[in-house]
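Examining the three-dimensional arrangement
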Amino acid sequence: MNKTEQSLTLSAFAESRLANDPPLRAVRAFEAIARLGSVTQAAQELAISPSAVSHQLKVLEGYLQMPLTERQGRGLILSQQGRDYYRSIRAAFNVLRQATGHLLEQVQTRQVTISLIPLFGMGWFIPRLPGFMRANPQTEINVVYANHRNYLSDASDMSIRFGNGQWAGYQSEKLISGQMVPVCSRAFLRLHGHIDTPEQLLQMPLLHDEERSTWQQWFIQQGVKRPLRRSGPMFEDGLLTLAGVQAGLGCALMREPLIAPYLESGELVKIFDLPIDDGRDYYLCVRQDGEMSQDGKLLQSWLRRAAGQE
């Protein structure tokens, strides 16, 4: 196919795609006339001449093959068809204005959106966030949930992801360790007594975060040969597991950096300082195809410092 034929084909494709699309400039002019009540005011808003607005109105009426306005004295009023058409398109223009205003507001407020897993937010990010806000009062932080089971993409400026650090389309850097340690509540210890050896944990109710095999791996790592007989409840994520531990349901393997506030307060107790590493950590991720704003870079650098990376 030569260039001329290719150009004609593309032109025909474009015409077929736009065959049912109204002339948008003309629709915009009509919307202004209908909303403001006059051609003159519409012209002032659109920064064009009244004759240009009238011309666009005629273009739209020609396209629709029906009059949208009627002459009344020296002015125009909407015809019945014009009123019906304006009611139909008004909502679309409102959506456009709201979307545009929202985008401009985001730019003006210098907003940065970060997505993260709930327990990471509660146990690590939010307790440290006041420090960033005091140092950067001009930056608006928008915190949203990360869908940790579907990391294909998100609309955030940056995200804290949990895994092996490999996500297509993202640049990732390890932020904090995902090592787990056995913990329970102080109330649980008061009820069941002190736990002196890993073997004693076999007799305790155990809770499971996402999967049941991790406890078995931990016991093997500690040289405990007897099989783990108790199944115990399993929770979908760390936040639910934490709630189970706080409620005194049992002992759990939890990721120590995320429960540090609860360990420091004494609400939770680290039973043994014997961690297990399942190869998953917490990563700071940004898209490879985008450019980070200055405020985003401030948050990025602060996260590194807070994690001891800088």
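All of the points below concern the structure found in this document.

Calculation rules
The numbering scheme is per chain: residues are counted from 1 as the chain's sequence reads. Where local features are concerned, this predicted model is filtered to residues with pLDDT of at least 70; where side-chain atom pairs are given and counted, the filter is 80 or more; whole-chain, interface and lining totals use all residues. The side-chain values count all of the structure's non-hydrogen atoms but skip hydrogen atoms and water molecules. The definition of a nonpolar core used throughout is a set of buried Ala, Val, Leu, Ile, Met, Phe, Trp, Tyr and Cys residues joined through side-chain atoms within 4.5 Å. Partly exposed residues are those whose accessible area sits between 20% and 50% of the maximum for their type, while under 20% is buried and over 50% is exposed, using a 1.4 Å probe and protein chains only. Helix and strand assignments come from DSSP, with helices taken as H or I runs of at least 4 residues and strands as E runs of at least 2, each series counted from the N terminus. The contact definition used throughout considers only heavy atoms, calling two residues in contact when any of these lie within 4.5 Å. In the analysis that follows, any N or O atom pair within 3.5 Å is treated as a polar contact, provided that within protein one partner can donate a hydrogen and the other can accept it, and provided that, for residues neighboring in sequence, both atoms belong to side chains. Note on pairing: two strands pair once DSSP finds at least 2 bridges between them.

1. Some thoughts on the nonpolar core
Among the nonpolar cores identified, the biggest contains 35 residues, and Phe-120, Trp-124, Phe-125, Met-158, Ile-160, Leu-175 and Leu-303 are the most heavily contacted of them. Broken down by element, the residue count for this core peaks at 6 residues, all from helix 6 (residues 118–135).

2. A few points about the environment of Ser-172
Summarising the element assignment, Ser-172 is placed in strand 6 (residues 170–176). Looking at Ser-172, the relative accessible area reads 26%, which means it is partly exposed. With 114 residues separating them along the chain, Ser-172 and Val-286 place their C-alpha atoms 6.6 Å apart. Those residues in contact with Ser-172, other than ones at most four positions away along the chain, are Gly-165, Trp-167, Tyr-283, Leu-284 and Cys-285. In this structure the side chain of Ser-172 is engaged in a polar contact, spanning 2.5 Å, whose partner is the backbone oxygen of Gly-165.

3. Quick notes on the sheet that holds strand 8 (residues 206–209)
The mixed open sheet is built from 5 strands, whose spatial order is 9-8-10-7-11. Each of the sheet's edge strands pairs with one partner strand only, and the pair in question is strand 9 (234–235) and strand 11 (268–270). Where strand 7 (residues 180–185) and strand 10 (residues 251–255) come together, 4 bridges link them in antiparallel fashion. Following the sheet pairing, Pro-182 is matched in strand 10 by Leu-253.

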